[in-house]
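Take a look at the letters that make up each chain.
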Amino acid sequence: MALPPEIVVAPPVRAALTEGRPVVALETAVLTHGLPRPTNREAVAAMAAAIEAVGATPAIIAVVDGRLRVGLDDDALVDLGENRQAHKLGARDLAWAMSAGVSGGTTVSGTLVGARLAGVEVFATGGIGGVHRGWRDHRDISSDLEELARTPCCTVSAGAKSILDLPATLEALESLAIPVLGWRTEVFPQFYARGTDDLRVRKVDELAAVAELCRLRWRVLEQPGGVLLTQPLAEEHALDQAVVDRAVADAVAQASALGIRGQDLTPFLLAALSDLTVGASLTANLALLVANARLAARLACALKEPAPA
Ligand code: PSU
Ligand code: MN
C-alpha cells in the first residue's frame, strides 16, 4: 500500500490492513460539528471501543494540519474534538483543506475518500446526508450520496435523519444504484425514530448475507459503488415519531427564517433538533452510534470469512 506522503495511515490500521484483519472507518464531522463537547469525543471513543471489542480495528478519519489521516490516536482525537477552528470537510473540501494546511472533521463523503484510499471496506456513522427538504427551491443534496455511489465500501447508518426529505433521499439512492439494506427491518430507519411503514428497504437477517452481497457487487459484478446497511436504533431509545416530526418542522422553519443554507444547514438543524427534544436526542444519538459501530465491526469480520464454494 504505497500512498503519497499527504495521506497518513496510522500504524495499527496499516498493520491490520496488511495482515488482512477487519477494519472499520469512522467519520469525524460528528466530532467537530455533529455533537456538543465533551459528548462528541466520548461518542467517537465509545465507537472505537465497540469496534475493538468485536476484534476489529477502528480507523478514525480526519484532516489534521493538512494531512488526510486514516487512524487517529487518543491525543489527536482529543485535540480535534476541542478544536473550535476545525472545518467541516466533505469530499470536495479535502484538497482545499490539505492545500491550506488546516484541520477538520470529515463528513460521510469526506470519510469515504479516505476509506477508499486506504482500502477500508466498512464504515460506521450515525446518519447519512441526503436530499434536503425544500430541494425544489434550493438544490441542496448532500455529496454523501454521490460518494456512496462511487466508493466500494459498506456504510452502516441508522438510515437518515427526518430533517431530510426521506422519500426523495431514497429515490436518489435508487437512481445512484446504491443497495439499501435494512438490518432485520423492512422499514427505512429515521435516526431518532425507527421509521414509518411507507418507506421500505430490503430486509437482511444475517451478516453473512450482507458480506455475500458485497462480494457479488464488488468482485463478481465489478460494480464499484457502495452499499448502505441501515439499522434502527434500539426500541428503548427511540423517540416518538410525532415528537420528531414536530421538532423537525420547527427546526426547518427556524433555518428558513434565518436564511441558513449550504454546509451550515445540517449542523444547524441537528443542534436545533437536539434543543427541541431536550437531551433525549443526545442519548439516542450516542446509543445508535455505538450500535452502528458494533454492527459494522461484525460485518467487517464477516467480510473476512471465506466466500461460499
Ligand atoms: N447526520 C447526522 N449527524 C451528522 C451528520 C449527518 O445525523 O453529524 C453529518 C455527517 O457527517 C454527514 C454530514 O456526512 O452531516 C452531511 O452534511 P451535508 O448535509 O452538509 O452534506
Ligand atoms: Mn448540503
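Let me begin by describing the structure that accompanies this report. (Residues numbered from 1 in each chain as written. Chains lettered and ligands numbered in written order. Predicted model: local features only at pLDDT ≥ 70, side-chain atom pairs only at ≥ 80, totals over all residues. Heavy atoms only, no water.)

1. What about the packing of aromatic side chains?
Next up, step 1: Counted according to the given criterion, the structure contains 1 aromatic pair.
Next up, step 2: Relative to Tyr192, the ring of Phe191 lies with its centre 4.9 Å away and its plane at 80°, an arrangement referred to as edge-to-face.
Next up, step 3: You can call Phe191 buried: its relative accessible area is 4%.
Next up, step 4: For the cation-ring pair, Lys161 lies above Phe191, with the distance from its terminal atom to the ring centre recorded as 3.8 Å. (Phe/Tyr/Trp six-rings, centres within 6.5 Å; stacked < 30°, edge-to-face > 60°. Buried < 20%, exposed > 50% of the residue type's maximum accessible area, 1.4 Å probe, protein only. Lys NZ or Arg CZ within 6 Å of the ring centre and 35° of its normal.)

2. Some words on the nonpolar core
Next up, step 1: If you look at the biggest cluster of nonpolar residues, it comprises 102 residues, and the most contacted ones within it are Leu173, Val210, Leu229 and Leu299.
Next up, step 2: Per-element accounting of this core gives the leading share, 12 residues, to helix α12 (residues 280–303).
Next up, step 3: Here Val210 is in contact with Cys154, Leu181, Val204, Leu229 and Leu299, once residues within four sequence places are set aside. (Core = buried A, V, L, I, M, F, W, Y, C linked by side-chain atoms within 4.5 Å. Helix = DSSP H or I, 4+ residues; strand = E, 2+ residues; numbered from the N terminus. Contact = heavy atoms within 4.5 Å.)

3. Focus on the environment of Val248
Next up, step 1: One can find Val248 in helix α10 (residues 241–258).
Next up, step 2: Of the residues examined, Val248 reaches a relative accessible area of 0% and is grouped as buried.
Next up, step 3: Spatially, the C-alpha atoms of Val248 and Thr277 are 9.8 Å apart, while their sequence positions differ by 29 residues.
Next up, step 4: Setting aside chain neighbours within four positions, we find Val248 in contact with Arg133, Ser162, Ile163 and Leu273.

4. Some details on unusual backbone geometry
Next up, step 1: In this structure, the amide linkage connecting Arg37 to the following residue, Pro38, adopts the cis form with an omega of -5°.
Next up, step 2: Looking at the element boundaries, Pro38 is found in the loop between α2 (29–34) and α3 (39–53).
Next up, step 3: Within the chain, Phe191 stands out as a residue other than glycine whose phi angle is a positive 65°.
Next up, step 4: By the secondary structure assignment, Phe191 is in the loop between β9 (180–183) and β10 (202–204).

5. Overview of the pairing of strand β8 (residues 154–157)
Next up, step 1: With burial as the criterion, each face of β8 is covered, one bearing Cys154 and Val156 and the other bearing Thr155 and Ser157.
Next up, step 2: Note: strand β7 (residues 122–124) against β8, 3 bridges, orientation parallel. Bridged to Ala124 within β8 is Val156.
Next up, step 3: As defined by bridge partners, β8 adjoins strand β11 (residues 227–230) across 4 bridges and the pair is classed as parallel. Residue pairing across strands places Val156 opposite Leu229, the latter belonging to β11. (Pairing = 2+ DSSP bridges.)

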